[in-house]
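For reference, the chains in residue letters:
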Amino acid sequence: MNERPRFWLTVLGAHTHLHATACSACPHHVFGCCSHPPPYDWADVARVLSLGGRAHLEGALARGDLTLTRGGLRFATPKRRGPRGKRVQGCVFLGEAGCVLDPREKPAVCNYYVCETALGGPPERNPHRDRPFFAYAVVRELWTRWTREVSRVVDEAYGDTAPAFDDALVTLLAETYERLEREAGLEWARPEPLPSPTVR
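Procedures and definitions
Residues numbered from 1 in each chain as written. Predicted model: local features only at pLDDT ≥ 70, side-chain atom pairs only at ≥ 80, totals over all residues. Heavy atoms only, no water. Phe/Tyr/Trp six-rings, centres within 6.5 Å; stacked < 30°, edge-to-face > 60°. Helix = DSSP H or I, 4+ residues; strand = E, 2+ residues; numbered from the N terminus. Buried < 20%, exposed > 50% of the residue type's maximum accessible area, 1.4 Å probe, protein only. Contact = heavy atoms within 4.5 Å. Pairing = 2+ DSSP bridges.

Asker: Mind showing me how you'd approach the packing of aromatic side chains here?
Answerer: Two descriptors summarise a pair of aromatic rings, namely the distance from one centre to the other and the angle between the planes of the rings. Going through the model one piece at a time under the given rule, you end up with five aromatic pairs. Each ring, one from tyrosine 40 and one from phenylalanine 75, has its centre 5.3 Å from the other, and the planes form 40 degrees; the classification is tilted. Placement of tyrosine 40 in strand β3 (residues 40–41) and of phenylalanine 75 in strand β5 (residues 72–75) is noted, with a sequence separation of 35 residues between them. Aromatic side chains tryptophan 146 and tyrosine 177 sit 5.4 Å apart centroid to centroid with 85 degrees between the ring planes, which places their arrangement in the edge-to-face category. Of the two residues, tryptophan 146 is situated in helix α4 (residues 131–158) and tyrosine 177 in helix α5 (residues 167–184); the sequence distance between them amounts to 31 residues. For tyrosine 177, a relative accessible area of 0% translates into the label buried. The rings of Tyr40, Phe75 and Phe93 are connected pair by pair, giving a single aromatic cluster.

Asker: Got a minute to help me understand the side chain of threonine 147 in this structure?
Answerer: One can find threonine 147 in helix α4. In this view, threonine 147 contacts Asp41 and Ala43; residues no more than four positions away in its chain are not counted.

Asker: Explanation requested: the pairing of β5 in the structure shown.
Answerer: Working note: regular strand, side chains alternate between the two faces of the sheet. Pairing of β3 with β5, which is carried by two bridges, proceeds in the antiparallel orientation. Across the sheet, aspartate 41 pairs through a bridge with glycine 72, a residue of β5. Direction of pairing for strand β4 (residues 66–69) relative to β5: antiparallel, over a ladder of four bridges. Counted as the bridge partner of threonine 67 is arginine 74 from β5. Connecting β4 to the antiparallel partner β5 that follows it, the hairpin turn spans two residues.

Structure, rendered in structure tokens:
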């Protein structure tokens, strides 16, 4: 008899992390969701900056692991050999045992998204009923609103010009994120700051 998928939450406001054991055995792709990593939106960048992660982002940009776009950052997706020897595209931060990034460095969607398969099927057939879906929906709603607001602030400041990753942009993003945290009353939910980066 197959063990039912297990899930649990690390609840930290916008930093909430929804875990599921089934992700390591994804039936959809050899690299799971990491085969097509999500955008690293300005709100994601702002969240990482709020935790002291500027050096982490600058290091990834210098190595080419991340590239700057008009809407934020984008992950490199090099090809590497999968479990069956075939070369498959996947996120540059995908290691032998999964993602090598600290959850504090990841785009929020990497922390809160778990597909129906990993959660045991759709709510009506799920042994856990709708509990994991409710947690996902709450964090997604919060983060969607924050993403729109941070993007609006950046667009207002830079217009059609692609911003450089400099002091002006870092200050704008950090201040906007701190305002959103304050307005939502979520300052208490901030995890420990990121440590100094190590060379990957």
